[in-house]
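These are the residues of each chain, in order.
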Amino acid sequence: MLAKGLVRPKLIVQQIGWICRTMADKSKLFESPDIADAYVKYRPTYGPDVYNTIVEFCKETETCDFSLAVDIGSGSGQSTLPLSKHFRQVMGVDVSESQVSNAPKHIPNVTFRVGPAEDLSFLEKNSVDLVTVAQALHWMDTEKLYAEVERVLKPGGAFVVFGYGLSTLDEPKAQETLNYLYKDVLGPYWTDGRQHVEEHYKSYSLPFSGWRRNDSLKIERTWTVDEFVGYLCSWSAFQNYLMANPMANTMPSVKHEFREAYAQGDMEPPREMKIVWPVFMLMGHKPASS
């Protein structure tokens, strides 16, 4: 598995190789246009069940009129756009200008803004029905963020933090390769907050009493090997790994092992991969009397 003497595959998808190479500068994490493109193309999106759960949670208080939702750490809008089906106005906020520039334009009730999660000064007090943070809380200063969330939410407004954990694959050999890449190769290159994703944010609390968890949902996808490798190339740990190992041949080797695990005899291409990510949600309401 990713052995020293592993024969390098002759065919390497040039796009994936280019995306991976542009991940080397940690000081500009997620800023590269190619990384922003990778997020749009390869990152899994949440299903309707996640957003239906959020909407039903909002309905638990009488103060929500679905006028404004704000998605913090929105990236290029994967977690922002689905909210536009339920709220009259939706705003996505992200610190990365490249990510925001890749967000869809010309959607009448959706706008995006570049800025830090911890500064929501452009929003009035008690003006927002819902604040969401998807797969990004571990990058943020929660003390400052929570203070801003409490300020901008209407009394009874909803604060929902959600994300997904490490994926599982339907082929044991491919799962072994994935686990080895994640822990043994990239383990030292994950940022300090990654353990929070691994434990599904179980060490986090929301700032409102009575908040609760939902761990019943999941993301399921059927992807080609190339698509899954593209997703792995968007990992922040792989960006950091390439900064330290700019000539590494790791991802082509991973791709080679995946292709072998999903081989269909002499047929090309290999069969598609079935992938499952567990979804975790933390949900709380600002007290209605605030």
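This is a predicted model, so every value here is computed, not measured.

Caption draft 1: Up close: the packing of aromatic side chains. For the coordinates displayed, the defined rule picks out 19 aromatic pairs. A ring pair is formed by W190 and W235, whose centres lie 5.3 Å apart and whose planes are at 55 degrees; its orientation type is tilted. Taken together, the positions of W190 in the loop between α6 (172-185) and α7 (194-198) and W235 in the loop between α8 (225-233) and α9 (236-244) put the pair 45 residues apart, joining distant regions of the chain. Among the aromatic residues, those joined into a ring-pair cluster are Y46, Y51, F162, Y164, Y182, W190, W223, F228, Y231, W235, F258 and W277. Cation over ring: R113 sits above F122, and NZ or CZ is 4.0 Å from the ring centre. Positioned above the aromatic ring of W190, the side-chain terminus of R194 is 4.4 Å from the ring centre.

Caption draft 2: Fine view of the packing of α6 against helix α10 (residues 250-261). α10 packs onto α6 with a crossing angle of 160 degrees between their chain directions and a minimal axis gap of 8 Å. Considering their axes alone, α6 and α10 lie roughly antiparallel with respect to each other. Remark: the crossing between α6 and α10 carries right-handed chirality. The residues of α10 that touch α6, namely those facing K173, A174, T177, L178, L181 and V185, are T250, M251, V254, E257, F258 and A261. Looking at the contact of α6 with α10 residue by residue, the classes come out as eight nonpolar, two polar and two charged.

Caption draft 3: Inspection of α9 at higher detail. The buried fraction of α9 amounts to seven of the nine residues, a majority that puts the element mostly inside the structure. Turning to α9, its buried residues are S236, A237, F238, Q239, N240, Y241 and L242.

Caption draft 4: Highlighting the nonpolar core. Residues F228, L232, W235 and F258 are the most contacted members of the largest nonpolar core, which totals 58 residues. Ignoring anything within four residues of it in the chain, the contact list for F228 reads S167, L169, L178, W223, F258, M273, I275 and W277. V128, L145, V197 and L206 belong to the second-largest nonpolar core, a separate cluster that totals 28 residues.

Caption draft 5: Just unusual backbone geometry, in detail. Cis geometry is found at the peptide bond from E268 to P269, where omega equals -5 degrees. Summarising the element assignment, P269 is placed in the loop between α10 and β9 (273-285). The backbone of H200 sits at a positive phi, close to 60 degrees, despite the residue not being glycine. Along the chain, H200 falls in the loop between α7 and β7 (212-214).

Caption draft 6: View of the side chain of D129. Considering the arrangement of structural elements, one finds D129 in strand β4 (residues 128-134). Relative accessible area serves as the criterion here: at 1%, D129 is assigned to the buried category. Within the local environment of D129, its side chain forms a polar contact with the backbone nitrogen of D65, the two atoms lying 3.3 Å apart. Residues contacting D129, with those up to four places away along its chain left out, are T63, C64, D65, F66, S67, L68, F87, L153, K154, G157 and A158.

Caption draft 7: Up close: the pairing of β9. In terms of burial, β9 is largely enclosed, as ten of its 13 residues are buried. Bridge count for strand β5 (residues 153-164) against β9 is seven bridges, and the pairing is antiparallel. Paired with F162 across the two strands is M281, which belongs to β9. Sheet topology note: the strand β6 (residues 168-169)/β9 ladder contains two bridges and is antiparallel. For L169, the partnering residue across the bridge sits in β9 and is I275. When β7 meets β9, the two strands line up antiparallel, connected through three bridges. For R212, the partnering residue across the bridge sits in β9 and is M283. Across six bridges, strand β8 (residues 218-223) lies against β9 in antiparallel orientation. Across the sheet, R221 pairs through a bridge with I275, a residue of β9.

Thresholds applied
Residues numbered from 1 in each chain as written. Predicted model: local features only at pLDDT ≥ 70, side-chain atom pairs only at ≥ 80, totals over all residues. Heavy atoms only, no water. Phe/Tyr/Trp six-rings, centres within 6.5 Å; stacked < 30°, edge-to-face > 60°. Helix = DSSP H or I, 4+ residues; strand = E, 2+ residues; numbered from the N terminus. Lys NZ or Arg CZ within 6 Å of the ring centre and 35° of its normal. Axes fitted to C-alpha atoms, helices over the stretch in contact; angles between N-to-C directions. Parallel < 35°, antiparallel > 145°, perpendicular 65-115°, else oblique. Left-handed = near helix turned anticlockwise from the far one by under 90°. Contact = heavy atoms within 4.5 Å. Nonpolar A, V, L, I, M, F, W, Y, C, P; charged D, E, K, R; others polar. Buried < 20%, exposed > 50% of the residue type's maximum accessible area, 1.4 Å probe, protein only. Core = buried A, V, L, I, M, F, W, Y, C linked by side-chain atoms within 4.5 Å. Polar contact = N/O pair within 3.5 Å; in protein donor to acceptor, adjacent residues only side chain to side chain. Pairing = 2+ DSSP bridges.

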